[in-house]
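Take a look at the letters that make up each chain.
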Amino acid sequence: MAADLNQTTSDPPFDVWHSVEDAYWSAFRTLPKDRWDFITGAAGHEHTARANEHALAEIALLPRTLAGAADPDTSTTLLCSDTALPVAVAPMAYHQLAHPDGELATARAAKAAGVPFTVPTLSGHTVEELAAVGGECWFQLYPQPDKGIEAELIARAEAAGCTALMVTVDVPIMGRRLRDLRNDFRLPPEITNAHLPGEDTGGSAPTSHTTDVVDARFDWVGLGTIRDRTALPLVIKGVLSAVDADRAVSLGVDGVIVSNHGGRQLDGVPPAVAALPAVVDAVDGRVPVLFDSGIRSGIDILRALALGAQGVLVGRPVLWALAARGEPGVAELFSLLRTELASAMTIAGCRDIPTARSLRTTRTRR
């Protein structure tokens, strides 16, 4: 979808979304170009972003017949959270770029759908406000140059009732995103950072702003310090290497998220799904493995499960739905993903998530 930018806005509106692609085009018609490019764009020439979707499409599922899998159970446990779907909302900066209600709207829709919402460090609403919505909340941490601020953010997440701490490890600096550079994209003055109020986001370019609030020197020692600092389940997001996954588990992390940041960091890394099986093998059941980067349908969710993921994080589609229709749009997106996943599970002969994770796959060439 990210490559199909030649479609014009003259197409008739989608009154009902039958796929994530419908939400994509609804958002395309809604957002100003610079915001659309920031949300949908990726690093470099966007080869990796496109490869994420194409590589998932090449995973072919091998259905089990005569399985009697009507009305499959899509509920599961992600980390320590009971969920209605094997899905969580990925951490994404500044939802207010998509809709004025921002992260509050997304958190409310996630609660209604029974899926965890990941509170981003770069948020227009505080972790306290978002946890007060009442749904399952995880907190995403960008390692901070100021370790006092880092400790304070972790403490706030714990006090607010977050049930997992997700450390993003693939952003020592922000990737070169050509669309944003060509647009000279800057955060609007009305968007502020609720967690780092000393940082002036208004009017700043995301590249310089993110560089100011992320510790480019963060390393394994720093991760060990965070592990010692919190009793929350600790998950690292942004792993493509089986060696890194094994080392992280040995250090005491409670989960690994295979991700290339949706292609937004380094153009030229493998599609995330290509790295998933090796990471699953390296972890060898010691901790859960989750997956993101390129999920665009319920069938993609089933593909990730069949390759060994416990569940997936969904990113851009949430912001497309939010941009197009606000909180009801995000609720509609989750309903659509559940319908697609349940349909795919029934046809593939999967009665529940454990049987979905044992489904066999092969590869095709498109």
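One can find the structure itself at the top, above this paragraph.
Residues numbered from 1 in each chain as written. Predicted model: local features only at pLDDT ≥ 70, side-chain atom pairs only at ≥ 80, totals over all residues. Heavy atoms only, no water.

**A few points about helix α6 (residues 147–160)**
- Here α6 is 14 residues long and its end C-alpha atoms lie 20 Å apart, about the 20 Å a rise of 1.5 Å per residue gives.
- When we look at burial in α6, the residues that qualify are Glu-150, Leu-153, Ile-154, Arg-156 and Ala-157. Projected down its long axis, α6 carries its buried residues within an arc of 160 degrees, all on one side.
- The inward-facing, buried residues of α6 abut α5 (127–131), β6 (137–141), β7 (165–168) and α9 (220–229).
- The N-cap residue of α6 is Asp-146: its side-chain oxygen and the backbone nitrogen of Gly-148 are 2.9 Å apart.
- Phi turns positive one or two residues past the end of α6, at Gly-161, with a value near 100 degrees. (Helix = DSSP H or I, 4+ residues; strand = E, 2+ residues; numbered from the N terminus. Expected span 1.5 Å × (residues − 1). Buried < 20%, exposed > 50% of the residue type's maximum accessible area, 1.4 Å probe, protein only. Arc of directions from axis to C-beta. Contact = heavy atoms within 4.5 Å. Polar contact = N/O pair within 3.5 Å; in protein donor to acceptor, adjacent residues only side chain to side chain.)

**Structural notes on the nonpolar core**
- With 101 residues, the main nonpolar core has Phe-139, Leu-165, Val-256 and Phe-291 as its most contacted residues.
- Not counting the four nearest positions on each side in its chain, Leu-165 is found in contact with Phe-139, Leu-141, Ile-154, Ile-226, Thr-230, Leu-232, Pro-233, Leu-234 and Val-235. (Core = buried A, V, L, I, M, F, W, Y, C linked by side-chain atoms within 4.5 Å.)

**Quick notes on the packing of aromatic side chains**
- By the definition in use, this model includes seven aromatic pairs.
- Here Tyr-24 and Trp-320 contribute two aromatic rings whose centre-to-centre distance is 4.8 Å and whose plane-to-plane angle is 85 degrees, an arrangement assigned as edge-to-face. Pair noted here: Tyr-24 is in helix α1 (residues 20–30) and Trp-320 is in helix α13 (residues 316–348), with a separation of 296 residues, a long-range link. The pair formed by Tyr-24 and Trp-320 is uniform in burial state, with each residue classed as buried.
- On the numbers, 5.1 Å between centres and 70 degrees between planes, the contact of Phe-28 with Trp-36 is edge-to-face.
- By relative accessible area, Phe-28 is classed as buried at 19%.
- The structure contains a cluster of three or more aromatic residues connected by ring pairs, namely Tyr-24, Trp-25, Phe-28, Trp-36 and Trp-320.
- The ring of Phe-38 is capped by Arg-264, whose NZ or CZ atom sits 5.3 Å from the centre of that ring. (Phe/Tyr/Trp six-rings, centres within 6.5 Å; stacked < 30°, edge-to-face > 60°. Lys NZ or Arg CZ within 6 Å of the ring centre and 35° of its normal.)

**Here's the deal with the packing of α1 against α13**
- Close contact between α1 and α13 brings their axes to 10 Å; oriented N to C, the two are set at 170 degrees. As summarised for this structure, α1 and α13 are arranged roughly antiparallel, according to the angle between their axes. Crossing geometry of α1 relative to α13 is assigned as right-handed. Contacts between α1 and α13 involve Val-20, Ala-23, Tyr-24, Ser-26, Ala-27 and Thr-30 from the first element and Pro-317, Trp-320, Ala-323, Ala-324, Leu-333, Leu-336 and Leu-337 from the second.
- Split by residue class, the contact of α1 with α13 holds eleven nonpolar, two polar and no charged. (Axes fitted to C-alpha atoms, helices over the stretch in contact; angles between N-to-C directions. Parallel < 35°, antiparallel > 145°, perpendicular 65-115°, else oblique. Left-handed = near helix turned anticlockwise from the far one by under 90°. Nonpolar A, V, L, I, M, F, W, Y, C, P; charged D, E, K, R; others polar.)

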